[in-house]
Amino acid sequence: MHVEYISSIRARYERLGYAPYRWFYAEDAPAFTPLKKPLGESRVGVISTSGAYVVGQVAFHYKDDTSLRAISKDTPADKIHFSHITENYLADPRQDPDCILGLGALRAAEREGRIGELAPDIFTCMGGVYSQRRVREEMIPELHARFVEQAVDTVLLVPM
Amino acid sequence: MCHQTGSLIARYLEASGIPTLCIGSALDILQAGNPPRAVFIDYPLGHTMGRPFDRHNQRAIVNDALSAFESISEPGTILSLDYQWPDSPAWKSEAGSTSGDDTRAPRDTEPVYQMESDRIAAEAAGA
């Protein structure tokens, strides 16, 4: 049985006296774009919502930060750090960033030809943004433009 | 929350003509957000791409996710990948607990660095 996050968070907030959070429930079916070519010939983009940043970059803040960081796909794991409002999930990623970013495994998939190539940078954000309006109006259009700039054929999303 | 943000991003990119796959560990939030294609990995949050320092497990998850990317043809499909968290199942009752305090960090607009030396490095890079 999987963990019911929405109902348990709702119950916990209610007990703590918080107003209930209004989760996004999709009302319509998602759009669907077939793969244009085999993954073995595709340039793959990645977005992780884990709050990863490279040492030397400005970290994320915890109040609806909608900004993005570009992390070169060749960045060594020990240069990748994290800031995310749900810090309790970061204990293991801070030891091994690959358990949430999968960069090592994705580079292996590239070497083995399972994907054509990884885009030069992966993108990260701090996904704990409470304002769905700000995600839609600020974060997503910027991210879309960055993926278009990188001429990706497909995108993998790894929410934390 | 992050899974919700992921679904919003995926739905937008897909509508803009970019095929997407969400790889997530919160099944109910994925179901609510209904992204175009998703795989569910029943691991504690923070480990969606595998167990720490287990390269074999991490590569297997990526390969299974890529296969799902190619095989899903029905919009809104969420495929459950066949992985079990190896330690005791106690993590699930803890993750789904309704008791305890608010585990979130305070919300403010100052960057929160993992280490103080990261702040110094960022300020030096920006100077």
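As the structure is a prediction and not an experimental result, all values here were calculated from the model.

Trainee: Whenever I open this one, the pairing of strand β7 (residues 154-158) of chain A confuses me. Can you help?
Mentor: A regular strand places its side chains so that they alternate between the two faces of the sheet. A large share of β7(A) lies buried, amounting to five of its five residues. As defined by bridge partners, strand β1 (residues 43-48) of chain A adjoins β7(A) across five bridges and the pair is classed as parallel. The partner of A:Val46 across the bridge, within β7(A), is A:Leu156. Pairing geometry for β7(A) and strand β1 (residues 20-24) of chain B, over three bridges, is parallel.

Trainee: Please explain the packing of helix α5 (residues 132-149) of chain A against helix α1 (residues 2-15) of chain B as it appears in this structure.
Mentor: When two helices pack together, their arrangement is given by the angle between the helix axes and by the axis-to-axis distance. Two elements in contact, α5(A) and α1(B), have axes separated by 10 Å at closest approach and are oriented at 50°. The angle between the axes of α5(A) and α1(B) places the two elements in the oblique class. For α5(A) against α1(B), the interelement crossing comes out right-handed. Between α5(A) and α1(B), the residues in contact are A:Gln132, A:Val135, A:Arg136, A:Ile140, A:Leu143, A:His144 and A:Phe147 and B:Thr5, B:Leu8, B:Ile9, B:Tyr12 and B:Leu13, respectively. Each residue belonging to the contact of α5(A) with α1(B) can be placed in one class, and the counts come to eight nonpolar, three polar and one charged.

Trainee: Sorry if this is basic, but what is going on with unusual backbone geometry here?
Mentor: Both trends apply: most residues other than glycine have a negative phi, and most peptide bonds are in trans. A positive phi angle, close to 45°, is found at B:Asn34, a residue other than glycine. The residue B:Asn34 is located in the loop between α2 (27-33) and β2 (37-40) in this model.

Trainee: I'm lost on the interface of chain B and chain A in this one. Help?
Mentor: Interfaces are often sized by the accessible area lost when the parts come together. Chain B puts 75 residues into the contact, and the matching count from chain A is 77 residues. Elements with a contribution of two residues or more to the side of chain B that touches chain A: α1, β1, α2, α3 (55-71), α4 (90-95) and α5 (116-126) of chain B. Considering only residue class, the side of chain B that touches chain A consists of 37 nonpolar, 23 polar and 15 charged.

Trainee: Can you walk me through the pairing of strand β6 (residues 121-124) of chain A in this structure?
Mentor: Residues and elements named next belong to chain A. As paired strands, β1 and β6 are joined by two bridges and run parallel to one another. Paired with isoleucine 47 across the strands is phenylalanine 123, a residue of β6. Looking at chain direction, strand β3 (residues 69-72) and β6 are connected through four bridges and run antiparallel. Opposite arginine 69, over in β6, you have threonine 124 as the bridge partner.

Trainee: Before we go on, may I ask you to explain α3(B) in this structure?
Mentor: The periodicity of an α-helix, 3.6 residues per turn, causes residues three or four places apart in sequence to face the same way. Counted at 1.5 Å a residue, the expected span for α3(B) with its 17 residues is 24 Å, and the 24 Å between its end C-alpha atoms agrees. When α3(B) is considered as a whole, its buried residues turn out to be B:Gln58, B:Arg59, B:Ile61, B:Val62, B:Ala65, B:Leu66, B:Ala68 and B:Phe69. Next to the buried residues of α3(B) lie α3 (98-101) and α4 (103-111) of chain A together with β1, β2 and β3 (77-80) of chain B.

Cut-offs used in this document
- Residues numbered from 1 in each chain as written.
- Chains lettered and ligands numbered in written order.
- Predicted model: local features only at pLDDT ≥ 70, side-chain atom pairs only at ≥ 80, totals over all residues.
- Buried ≥ 20, exposed ≤ 12 C-beta atoms within 10 Å, placed from the backbone.
- Helix = DSSP H or I, 4+ residues; strand = E, 2+ residues; numbered from the N terminus.
- Pairing = 2+ DSSP bridges.
- Axes fitted to C-alpha atoms, helices over the stretch in contact; angles between N-to-C directions.
- Parallel < 35°, antiparallel > 145°, perpendicular 65-115°, else oblique.
- Left-handed = near helix turned anticlockwise from the far one by under 90°.
- Contact = placed C-beta atoms within 7 Å.
- Nonpolar A, V, L, I, M, F, W, Y, C, P; charged D, E, K, R; others polar.
- Expected span 1.5 Å × (residues − 1).

Read these as spatial facts, not as claims about activity.
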